[in-house]
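Observations on the model geometry
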Amino acid sequence: MRFGVLTGGGDCPGLNAAIRGVVYRATGSGHSVVGFLDGWKGARDRLVRPLARSDVHDIILRGGTVLGSSRTNPFKTEADAQKVLATLAAEGIDALVAIGGDDTLSAARELHRRGGKVVGVPKTMDNDVGGTDWTFGFDSASSAAVEAVGRLRDTAQSHHRAIVLEVMGRHAGWVALATGLGGAADATLLPEEPYHEESLIRQVRSAVSSRGYAIVVVSEGVELGSVRGSAGGKDEFGHELLRERGVGAEVARRIEIATGIETRSAQIGHIQRGGPPTLFDRLLATRLGVHAVDLAVSGRFGEVAVLRGESVRGVPLDEALRSPKTVPREWSDLLHTFDA
Ligand code: F6P
């Protein structure tokens, strides 16, 4: 078989490990692999490079994606959709492995509906793809944010300040939850929960009175009621660019006004998305990349490789895309056990 592989959407650590998994598993059974560059853009515009084992040998160590990525929606117009189908035919692709989050996988589902031979691999630092217990990228991104909390703690302590860290995650609070819990924050605001200013202020006051400083973690997707609208527009899939809303800065402003405690804010932004993947992400991405090839070889197109418990398996793209995975009550209860 001739495999194609692409990485779409926002990058995250672990993509290279997944690509490597695809290449090693496929070539190990006598198949060949080409990569499409910059996500669906490469499939649409026929931007292709061959991938041999020597091209991917040590990329498991590196963040980002050697294939490049984009938020191109290949089914935005019928003309683009036809270009994708033409590329796959011209390149003689027998199986396409689409590695991405909800948007990339939705495009894969649409391709499958049109007869394309495609399997999916879920990734996203947001950890919000349904149907899989964890997505790779999340552990690495959250670990970077936890490290940032440690650095902010040092300076907050020195200056007896409150510091708010805004993290990414779109409309799912997984990264904020992991950062707040793993970084011992005094308060953590999730998009899944209503904003309660009085509780937040109480927690900040309590932390400052007991130890002289406070750390607050805020997810970029939190609704404050009157926060500024997006200044950054939308991407090709219609998603608002949330970091432009400046939720963390607004929360810091409100804390300072309400408490009189000097408050600063920091936005970790894309620093979370770079850097080497954690071991967990390397292993998960590798397993899913390998399994995606196995699905294709068995003719299980239209499926996506997911993690369920200890095992990787294939589930229909429809199932994985049914609803995004947000933070359930069980996890938020655990988080708030440690509030100040
Ligand atoms: O979906 C991953 C993600 O990092 C979100 O957490 C964030 O809102 C978005 O991508 C940022 O997108 P971009 O890299 O296009 O600014």
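Bear in mind that the values here come from a model prediction, so they are computed numbers and not experimental data.

**Quick notes on the overall build of the protein**
- Within the protein, the regular secondary structure consists of twelve helices and eleven strands.
- What you see for the protein is a C-alpha radius of gyration of 21 Å, in line with the 20 Å of a compact globule of 340 residues.
- Along the three orthogonal principal directions, the C-alpha set of the protein runs to about 65 × 35 × 30 Å.
- Sequence separation of at least 24 residues holds for 73% of the intrachain contacts in the protein that already meet a minimum separation of 6.
- When the accessible surface of the protein is summed, it comes to about 13,700 Å², and 50% of that surface belongs to carbon and sulfur atoms.
- On the protein, the mean spot of the 40 positive side-chain charges and the mean spot of the 42 negative ones are 3 Å from each other.

**A closer look at the environment of Arg322**
- Topologically, Arg322 is positioned in the loop between α11 (317-320) and α12 (329-336).
- Along the primary structure Arg322 and Val129 are separated by 193 residues, whereas in three dimensions their C-alpha atoms are 9.3 Å apart.

**Quick word on the sheet that holds strand β6 (residues 162-167)**
- If you trace the four strands from one edge of the open sheet to the other, you get β7-β8-β6-β9, paired in parallel fashion. Lying at the two open borders of the sheet, with one neighbouring strand each, are β7 (187-189) and β9 (263-267). Taken pair by pair, the neighbouring strands of this sheet meet at an average axis angle of 20°, ignoring direction.
- By the bridge criterion, five bridges tie β6 to β9 in an arrangement that is parallel. Bridging across to β9, Ile163 finds its partner in Arg264.
- Across the sheet, helix α6 (residues 138-159) touches β6, β8 (214-219) and β9, and the angle it forms with β6 is around 165°.

**Digging into unusual backbone geometry**
- Despite not being glycine, His160 shows a phi value in the positive range, around 55°.
- Structurally, the position occupied by His160 is in the loop between α6 and β6.
- Of note, the phi angle at Ala184 is positive, near 55°, even though the residue is not glycine.
- Exposure remark for Ala184: the relative accessible area of 48% places this residue in the partly exposed category.

**Observations concerning the pairing of strand β5 (residues 118-122)**
- Among the five residues that make up β5, five are buried, leaving the element largely enclosed by the rest of the structure.
- Side-chain alternation along β5 places Val118, Gly120 and Pro122 on one buried face and Val119 and Val121 on a second face that is also buried.
- In this view, the connection linking strand β4 (residues 95-100) to its parallel neighbour β5 by way of helix α5 (residues 102-113) has right-handed handedness.

**Details of the nonpolar core**
- Counting 58 residues, the largest nonpolar core has Val97, Ile99 and Phe136 as the members making the most contacts within it.
- Formed jointly, this core draws a minimum of three residues from each of two domains, domain 1 (2-136 + 277-320) and domain 2 (140-274).
- Setting aside residues no more than four positions away along its own chain, Ile99 makes contact with Val5, Leu6, Thr7, Gly8, Leu15, Ala18, Ile19, Thr104, Val121, Lys123 and Phe136.
- Among the nonpolar cores identified, the runner-up in size contains 24 residues, and Ala43, Ala81, Leu105 and Leu321 belong to it.

**Some details on the domain arrangement of the protein**
- Domain assignment breaks the protein into domain 1 (2-136 + 277-320) and domain 2 (140-274).
- With 16 residues of domain 1 at the contact, the number on the domain 2 side is 16 residues.
- Summed over both partners, the interface of domain 1 with domain 2 comes to about 1,600 Å²; 54% of that surface belongs to carbon and sulfur atoms.
- Its largest share of buried area at the contact with domain 2, domain 1 owes to Arg71, Asp103 and Met125, together 40% of the area lost on that side.
- Counting across the domain 1 and domain 2 interface gives one salt bridge.
- A salt bridge links Arg273 to Asp11, with the shortest nitrogen-to-oxygen separation between them at 2.8 Å.
- Taken together, the residues that form the side of domain 1 that touches domain 2 break down as four nonpolar, five polar and seven charged.

**Concerning the pattern of salt bridges**
- Tallied over the entire structure, the rule returns 23 salt bridges.
- Of the charged contacts in the structure, one is a salt bridge between Arg44 and Asp80, with a shortest N-O distance of 3.6 Å. Taken together, the positions of Arg44 in helix α2 (residues 40-45) and Asp80 in helix α4 (residues 78-90) put the pair 36 residues apart, joining distant regions of the chain.
- Under the relative-accessibility criterion, Arg44 is labelled buried at 18%.
- In this structure Asp80 comes out as buried when scored by relative accessible area, which is 14%.
- Between Arg245 and Glu223 there is a salt bridge, and its shortest N-O distance comes to 3.4 Å. Of the two residues, Arg245 sits in the loop between β8 and α9 (247-259) while Glu223 sits in the loop between β8 and α9, which places them 22 residues apart along the sequence.
- Bridged by salt links that share partners, the residues Glu78, Arg109, Glu110, Arg113, Arg114 and Asp318 form one connected network.

**A word on α4**
- The end-to-end C-alpha distance of α4, which contains 13 residues, comes to 18 Å, matching closely the 18 Å that a straight helix rising 1.5 Å per residue would cover.
- The complete set of buried residues in α4 reads Asp80, Ala81, Val84, Thr87 and Leu88. In a view along the axis of α4, the buried residues occupy a sector of 120°, so they form one face of it.
- Those residues of α4 that are buried lie in contact with β2 (32-36), α2, β4 and α5.
- Downstream of α4 by one or two residues, Gly92 has phi in the positive range, about 65°.

What counts as what
Residues numbered from 1 in each chain as written. Predicted model: local features only at pLDDT ≥ 70, side-chain atom pairs only at ≥ 80, totals over all residues. Heavy atoms only, no water. Helix = DSSP H or I, 4+ residues; strand = E, 2+ residues; numbered from the N terminus. Rg over C-alpha atoms; globule rule 2.2 N^0.38 Å. Contact = heavy atoms within 4.5 Å. Areas by Shrake-Rupley, 256 points an atom, 1.4 Å probe, with all protein chains shown as cover. Lys, Arg positive; Asp, Glu negative; His and termini not counted. Charge placed at Lys NZ, Arg CZ, Asp CG, Glu CD. Pairing = 2+ DSSP bridges. Axes fitted to C-alpha atoms, helices over the stretch in contact; angles between N-to-C directions. Buried < 20%, exposed > 50% of the residue type's maximum accessible area, 1.4 Å probe, protein only. Right-handed = clockwise from strand over helix to strand, strands pointing away. Core = buried A, V, L, I, M, F, W, Y, C linked by side-chain atoms within 4.5 Å. Domains from an automatic or database assignment. Buried area = accessible area lost by both parts, 1.4 Å probe. Salt bridge = Lys/Arg side-chain N within 4 Å of Asp/Glu carboxyl O. Nonpolar A, V, L, I, M, F, W, Y, C, P; charged D, E, K, R; others polar. Expected span 1.5 Å × (residues − 1). Arc of directions from axis to C-beta.

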